[in-house]
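# Report on the structure
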Amino acid sequence: MIPVMLLVAFVIFTILYFVPGDPTVSLLGSNPTQAQREELLQKLGLTDPYLTQLGKFFKSTFIDLDLGTSYQFRTSVSKELAQRLPITFVFAFLTFLLEAIIGIPLGVTAAVNQNSVIDRLCTFVAVIGASLPGFWFGLMLVIIFSLSFGLLPAFGITHWTGWILPVVANCIMDLGGIARQTRSQMLEVIRSDYIVLARAKGLSEGRIRYREALPNALIPVVTTLGTRFGRALGGTVVIETVFSIPGVGMYLNDAITARDYPVIRGSVVILALLLCVIVLLTDLAYAFIDPRIKAQYENQGRRKVRSRV
Amino acid sequence: MKSQKTLAFLLTVAISISLLAGCTRSGQLQMSDENPTKESEVGTAQTDIDGTNLGTVAGSYLKFGCTSDPKTFGPWDGGGGGRNMTNISVYEALAYMKSDGTISNCIMESYTNPSEGVYNVKIYDYVHDSEGNPITADDIVFSFTKCAEQGNWATYTAVLDSISKIDEYTVEIKLVSERPDSFSGLLENVMIVSRKAYEGSKDSMAGHPIGTGSYVLENYTAGAEMTYVVNPDYWQTDTSLIANQSLHNVEKYTIKFISDKSQHSIALETGAVDNTNGVLSADYVNFLNDDGSAKDGYAYIESEKQGFLELVFNCGESSVCKDENLRKAIAYAIDRAAMAYAAYGDAGLAYTSFSQTTHFDYDESYTPDGGYFTLDEATARNYLDKSGYKGETLTLYAQNDTEVAIQCELIRSYCEAIGIDVDVNTFDKSLYNDYLYSANPEWDLTVCFGEGGDYTYVSMAWCLDINYFTTGVNCCQIYDAELQTLFDTATNVKTFSVDNTKALQDYVFEHCYMVALSGFTQKVFYNSTTIEQLGTTKTGFDPVPGACVPVV
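Residues numbered from 1 in each chain as written. Chains lettered and ligands numbered in written order. Predicted model: local features only at pLDDT ≥ 70, side-chain atom pairs only at ≥ 80, totals over all residues. Heavy atoms only, no water.

## Describing the overall build of chain B
The helix and strand tally for chain B stands at 15 helices and 21 strands. At 26 Å, chain B has a C-alpha radius of gyration in line with the 24 Å of a compact globule built from 552 residues. Taken along the three principal axes of its C-alpha coordinates, chain B extends 85 × 70 × 45 Å. Here chain B holds 552 residues, and 56% of them are scored as buried. Carbon and sulfur atoms make up 49% of the accessible area of chain B, which totals about 21,600 Å². (Helix = DSSP H or I, 4+ residues; strand = E, 2+ residues; numbered from the N terminus. Rg over C-alpha atoms; globule rule 2.2 N^0.38 Å. Buried < 20%, exposed > 50% of the residue type's maximum accessible area, 1.4 Å probe, protein only. Areas by Shrake-Rupley, 256 points an atom, 1.4 Å probe, with all protein chains shown as cover.)

## Some details on the pairing of strand 16 (residues 421-427) of chain B
All names here are of chain B. Judged from the 7 bridges that link them, strand 15 (residues 393-399) and strand 16 form a sheet pairing that is parallel. If you follow Thr393 over to strand 16, its bridge partner there is Asp421. With helix 11 (residues 402-418) bridging strand 15 and its parallel neighbour strand 16, the resulting β-α-β unit is right-handed. (Pairing = 2+ DSSP bridges. Right-handed = clockwise from strand over helix to strand, strands pointing away.)

## Here's the deal with the confidence of the model for chain B
Chain-level pLDDT for chain B is 86 on average; 90% of the residues reach the 70-or-more range. Segment residues 17-47 of chain B: pLDDT under 50, and 48 contacts once partners within four positions in sequence are set aside and those in other chains are kept. (pLDDT = per-residue confidence, 0-100. Contact = heavy atoms within 4.5 Å.)

## Observations concerning the sheet that holds strand 16 of chain B
Residues and elements named next belong to chain B. Strands sit in the order 16-15-17-13-18 across an open sheet of 5 strands; the sheet is mixed. Lying at the two open borders of the sheet, with one neighbouring strand each, are strand 16 and strand 18 (514-516). For this sheet the average axis-to-axis angle between neighbouring strands, irrespective of direction, equals 20°. Of the strand pairs in this sheet, strand 13 (residues 309-313) and strand 18 are connected by 3 bridges, and their pairing is antiparallel. Across the sheet, the residue bridging to Leu311 is Val515, located in strand 18. (Axes fitted to C-alpha atoms, helices over the stretch in contact; angles between N-to-C directions.)

## Structural notes on the interface of chain B and chain A
With 51 residues of chain B at the interface, the matching set in chain A holds 48 residues. Contact with chain A buries area across many residues of chain B, yet Lys71(B), Gln263(B) and Ser430(B) alone supply 13% of it, more than any other trio. Where chain B touches chain A, the interface holds 1 salt bridge. Where Asp428(B) meets Arg259(A), a salt bridge forms, and the shortest distance between an N and an O atom there is 3.3 Å. One can count 8 residue pairs in polar contact (both at pLDDT 80 or more) joining chain B with chain A. For the side of chain B that touches chain A, the elements supplying multiple residues, two or more each, are helix 1 (2-34), helix 3 (137-150), helix 4 (154-157), strand 10 (250-257), helix 7 (262-269) and helix 12 (429-436) of chain B. (Buried area = accessible area lost by both parts, 1.4 Å probe. Salt bridge = Lys/Arg side-chain N within 4 Å of Asp/Glu carboxyl O. Polar contact = N/O pair within 3.5 Å; in protein donor to acceptor, adjacent residues only side chain to side chain.)

## Some remarks on the packing of helix 5 (residues 77-112) of chain A against helix 8 (residues 164-189) of chain A
Two elements in contact, helix 5 of chain A and helix 8 of chain A, have axes whose closest approach is 7 Å; the angle formed by their N-to-C orientations is 35°. For helix 5 of chain A against helix 8 of chain A, the interelement crossing comes out right-handed. (Left-handed = near helix turned anticlockwise from the far one by under 90°.)

## Observations regarding the nonpolar core
In this structure, Leu311(B), Ile420(B) and Val447(B) are the most contacted members of the largest nonpolar core, which totals 72 residues. Apart from the residues lying within four places of it in its own chain, the contact partners of Leu311(B) are Ile330(B), Ile334(B), Ile411(B), Leu445(B), Thr446(B), Val447(B), Met514(B), Val515(B) and Leu517(B). (Core = buried A, V, L, I, M, F, W, Y, C linked by side-chain atoms within 4.5 Å.)

## With respect to the packing of aromatic side chains
All names here are of chain A. Using the criterion set out here, one finds 49 aromatic pairs over all chains in the structure. Judged by centre distance (5.5 Å) and plane angle (15°), the rings of Phe13 and Phe57 are stacked. You can see Phe13 sitting in helix 1 (residues 2-18) and its partner Phe57 sitting in helix 4 (residues 50-63), a full 44 residues away along the chain. Relative accessible area serves as the criterion here: at 2%, Phe13 is assigned to the buried category. With 5.1 Å between their ring centres and 85° between their planes, Tyr17 and Phe18 make a pair best called edge-to-face. (Phe/Tyr/Trp six-rings, centres within 6.5 Å; stacked < 30°, edge-to-face > 60°.)

## Here's the deal with the side chain of Ser355(B)
Residue and element names in this part refer to chain B. Looking at where Ser355 falls in the secondary structure, it is placed in the loop between strand 14 (348-350) and helix 10 (377-386). Overall, Ser355 belongs to the buried group, its relative accessible area being 6%. Among the polar contacts listed, one links the side chain of Ser355 to the side chain of Thr456, at a separation of 3.2 Å. Residues contacting Ser355, with those up to four places away along its chain left out, are Tyr362, Asp363, Tyr366, Thr456 and Gln505.

## Digging into the environment of Val8(A)
Residue and element names in this part refer to chain A. Within the element layout of this structure, Val8 appears in helix 1. On the basis of relative accessibility, which here comes to 24%, the residue Val8 falls in the partly exposed class. Expressed as a C-alpha distance, the spacing of Val8 and Ala258, which sit 250 residues apart in the sequence, is 21 Å. Contact partners of Val8, with chain neighbours within four places excluded, come to Val268 and Ala272.

## A word on the packing of helix 7 (residues 134-148) of chain A against helix 7 of chain B
Viewed as axis vectors pointing N to C, helix 7 of chain A and helix 7 of chain B meet at an angle of 5°, and their least axial separation amounts to 11 Å. Here helix 7 of chain A is positioned roughly parallel relative to helix 7 of chain B, judged by the angle of their axes. Between helix 7 of chain A and helix 7 of chain B, the residues in contact are Leu139(A), Val142(A) and Leu147(A) and Ser262(B), Gln263(B), Ile266(B) and Glu269(B), respectively. (Parallel < 35°, antiparallel > 145°, perpendicular 65-115°, else oblique.)

This is the structure we're talking about:
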């Protein structure tokens, strides 16, 4: 994980160093003079050579554990991320949950009723979901549920009901993908020999589907869900903007527009760290889902103990 | 048969959803046509609205929409809409400018101008902040010095040479050089705080602002909203002396941050906010009747948007646009009225001079005979024939804003119509500014937002005044001594006049260094069932919550 973090930090710093653009534009307000801009660039240390700037960045990030101060807001990037990450985490988690709760049963239902009306309906819903742009769907939801019926808030998350529309809008695109993937995996698994054996043994269809077939079919789906969760932690800029959710995505997006380097660098490093953790957790989840993998780890552990003895 | 039924079912569901999504908006339009707006709710055409001083109306509570979160509350922090609302609520400046160019005192009681560039400012001797700390001359000196040090308001503080205390309640402000807007810019943009309160604050007031304003911050949720309540111990008790920005008719108000512009219209329609200045011009129709009056339940104020788009030519040796005849050919080929309409619809305004009605020095003489470079294809072709243009492709740079992009494409088409090839490139704001001010620009012409400002010369100065640049050439990549002399004459407070500004403008047009393009009339809508009168700043755009008249 450490080499990954160092590499990410190096790459993001280098990209930002070479990308043209000037943070002083948004800092100095309306039409400052060239002298004022140059003075500020010097004050921010942006006129230093590449290696000097890189050294300072690595020292503050990895030794002092300080992500710096936002050029725009003069606030600590760490503190701001600490405020925003929980919001983004809740948002990502709810999206993940909804995708799993709806997408997986939808896929399973389609698979076990292959080529039936239910299968086609599930496929249709999945394709429609995958084809709808999240922001457009979000605005449609706002028009229906906020403007027309006044049932839910159009924006903001000051009340729990504020989460409903953004979460639904955010999960719509990936929901279809999850359902399609679950369907194809289930179809593959339910044709395998051990399922035929289970049927021959007289196990109930429900047990065969949900206890014997589904765990095996879920492994690639879990990988997708894990990656999706990690991606969602990076922020869903458009949905966050549409629903005024003060998450990491909006913070990062504003920072990119304003060339707020400490915010961009700090956010990317923290998000890379979180993504590494999520990948690790996803790997661990395999063992929980698939008894074969769990058994494999247990056997390896036993072998190590024996060899020590 | 089975699949046909399924298909029919799905189509029915799809049609139902579409109807559900679309029916309400058209329904509202029809309803409104049947119930025409009352005369009192028809929009007015004022620029700034001085709120009526009612004193605090007990129980009044209003909600405002705002496009950005200030994020920090320090007195001299930078920022956009959210920052303006914070400054208006918690802090106060020495004085404010009104749209007619007069000064409205706030903390400042009076001032004298003993010599050129020197001002003695006397403040009231009973000013104190919301925590009871008295404001004296030392605090004014401290505030100005810290503001200049921080650099966020350098556009205004750059003219400050020194500030010193004369007595307990008087300071002397010396300016480096003086333009008509130098002193007023300082007066209204430097927020005043108590040195004791500022130095006692652990976070430089970033989280807990303490100002002299008529409101105090009650609650702030990052990225969501901030709520202000009236300051019960507001220092100015003489109601006749309270500035518009410091009125406190409303007991409590919340400012909601709505980042997506299309949501501003919905927020106002659903009653989530009582006012917002973020409604997109495309959404004006949601609040207007066919005759342009406000729909039942809404009202609006409108004003000319400060600043407009300008077309700037690279007149340097490296560009084909160094040819004055080519520049004039382009200037005569473009149809500003069509461009304004394409970008802003009915709200669009075509500019054929650098003056706006919002400028303090606005005068009809700035636009003689309908203005400069009005569309004339024959003249454009004549200039093109006289030019040395040999079919080169001109590079047009602009910011990647929707309205700007539309106009750039139109410029490309107009140029193509007379035989000039133009390649359009758009960039994000930061990148665009980098290219705009580059020492070796790759653009031949650029479309950019001109500076608003209070005077006509500001619309040209940001681009052409050599004092803004350190490279020895201006944004057009030239140094023209005669142009600079005209600038110095038009912008010096002693020699400033409409005639001198017009002479400057005439010279700019004579050489066609840059031309004005388009802007728009902005409308700020509010809920007329909750707000009787909307108070605003001088631009007519930023609401002043405390200056509003609430309906109780």
